[in-house]
Amino acid sequence: MKAIVFDQMGPPLEVLQLREVPVPEPREGEVRLKLLSASINPGDFLFIQGLYPEPKKPALPGQVAGNHGAGIITRVGKGVVSWEPGTLVAFSHFDSWAEHVALPAERLIRLPPDYPLEKASQFFNIITAWDLLERANVRSGQWLALTAGNSTVATLVAQFARLRGVKVLSIVRQRQATLDLASLGVSAVLALSEGRSDLGARVRALTDGLGVHGVIDCVGGALLEALLQESAPGGQVIVYGGFSPERFSLHNFDLLMKDLHLRAYVYRYFFDAPRREDEALLQHLVKLSAPASFQVPQGPSHALEDFKLAVEESLGRPEAGKRFFRMPRESTVSGR
């Protein structure tokens, strides 16, 4: 089968290669999938560079890249009784930039057979968006600030926020003509390309002087510092990434005098597999996200052979939409 692999950790465009490798056989407790779609995410590049902690370190040489995907179960290993070949599933694990993958059955999330593949391969972004909004604890009529507002996670958060009557301030590097944020639940947009001075005053103007009751940030630096200053008393500030190389500075009183809560979020199944008690929530998210009205903005899809362009564009122009690897349905290897 074809797979995108790397033998050493480093910059993705320097270490990734397309190779023919054996189709994996599922071990006890594992299943094999025929991959149909795999999203390309910032976290994939952290994995390739070895920046994740254990147990999310690459197994070198010959590590298959990619951490999120969707596919059809084609074979189940010994001891697997709750999964059947032919089931569409999503997963977060390893080895998704390939035509087939074998992984622990406990890592799978069941999806309806007609669930859209572009949503299936990044279902964990949908989970992340839900979790971030829950933790922000913003009520109907209050303002929520989202940095990297053109990103997939931010647009998903905005759509969930709209369902709760939350006002969303989306902060972007620049406006994208092809992305209508208002249609995704955004109430106001602050474009940094239109001026970085007086960020606080711009936030106050856009929120009618109310400030923001929640911040969901994956940028950091001066932007997060400004948003902390414009947070309403009791606000929740959630950090889930760090696109900016800059640090931000705070005094204890910046938090204390407003009773601000600053915390980090690492996606729900980064270390652990989905739990049985999570099933009701996961299926609720499937139902919320399946309709066409719930949008996952996306860029082009790529064949595995086109990985250099796919990676280069994902790194250089993330605002142009989420990119995917699409694998053909043929070459399915089946059986128990």
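Presented here is an overview of the structure given in this document. These figures come from a predicted structure and were not determined experimentally.

Helix and strand counts for the protein chain stand at 10 helices and 16 strands. By the compact-globule yardstick of 20 Å for 336 residues, the protein chain fits well, its C-alpha radius of gyration being 21 Å. For the protein chain, the C-alpha atoms occupy an extent of roughly 60 × 40 × 40 Å along the three principal directions. When burial is assessed residue by residue, the protein chain has 54% of its 336 residues classed as buried. The contacts of the protein chain with a sequence gap of at least 6 include a subset with a gap of at least 24, amounting to 68%.

Along helix α10 (residues 307-316), the residues classified as buried are Phe307, Ala310, Val311, Glu313 and Ser314. Projection of α10 onto a plane perpendicular to its axis shows the buried side chains occupying an angular sector of 165°, all on one side. When the buried face of α10 is taken as reference, the exposed residues oriented beyond 90 degrees from it are Lys308 and Gly316. Buried residues along α10 sit in contact with β1 (2-6), α1 (12-15), β2 (17-20), α2 (42-48), β15 (298-302) and β16 (322-326).

Taken as a whole and judged by the stated rule, the model has 17 salt bridges. Linking arginine 32 and glutamate 25 is a salt bridge whose minimum nitrogen-to-oxygen distance equals 3.1 Å. Note on glutamate 25: relative accessible area 48%, which makes it partly exposed. For glutamate 230, the salt bridge is made with arginine 204, and the minimal N-O distance between the two is 2.7 Å. Linking glutamate 230 in the loop between α7 (221-229) and β13 (231-239) with arginine 204 in helix α6 (residues 199-206), this pair joins segments that are 26 residues apart in sequence. Owing to a relative accessible area of 13%, glutamate 230 belongs among the buried residues under this scheme. Linked by salt bridges that have partners in common, Asp131, Arg135, Arg268, Arg275, Glu277 and Asp278 make up one network.

Quick notes on the rules
Residues numbered from 1 in each chain as written. Predicted model: local features only at pLDDT ≥ 70, side-chain atom pairs only at ≥ 80, totals over all residues. Heavy atoms only, no water. Helix = DSSP H or I, 4+ residues; strand = E, 2+ residues; numbered from the N terminus. Rg over C-alpha atoms; globule rule 2.2 N^0.38 Å. Buried < 20%, exposed > 50% of the residue type's maximum accessible area, 1.4 Å probe, protein only. Contact = heavy atoms within 4.5 Å. Arc of directions from axis to C-beta. Salt bridge = Lys/Arg side-chain N within 4 Å of Asp/Glu carboxyl O.

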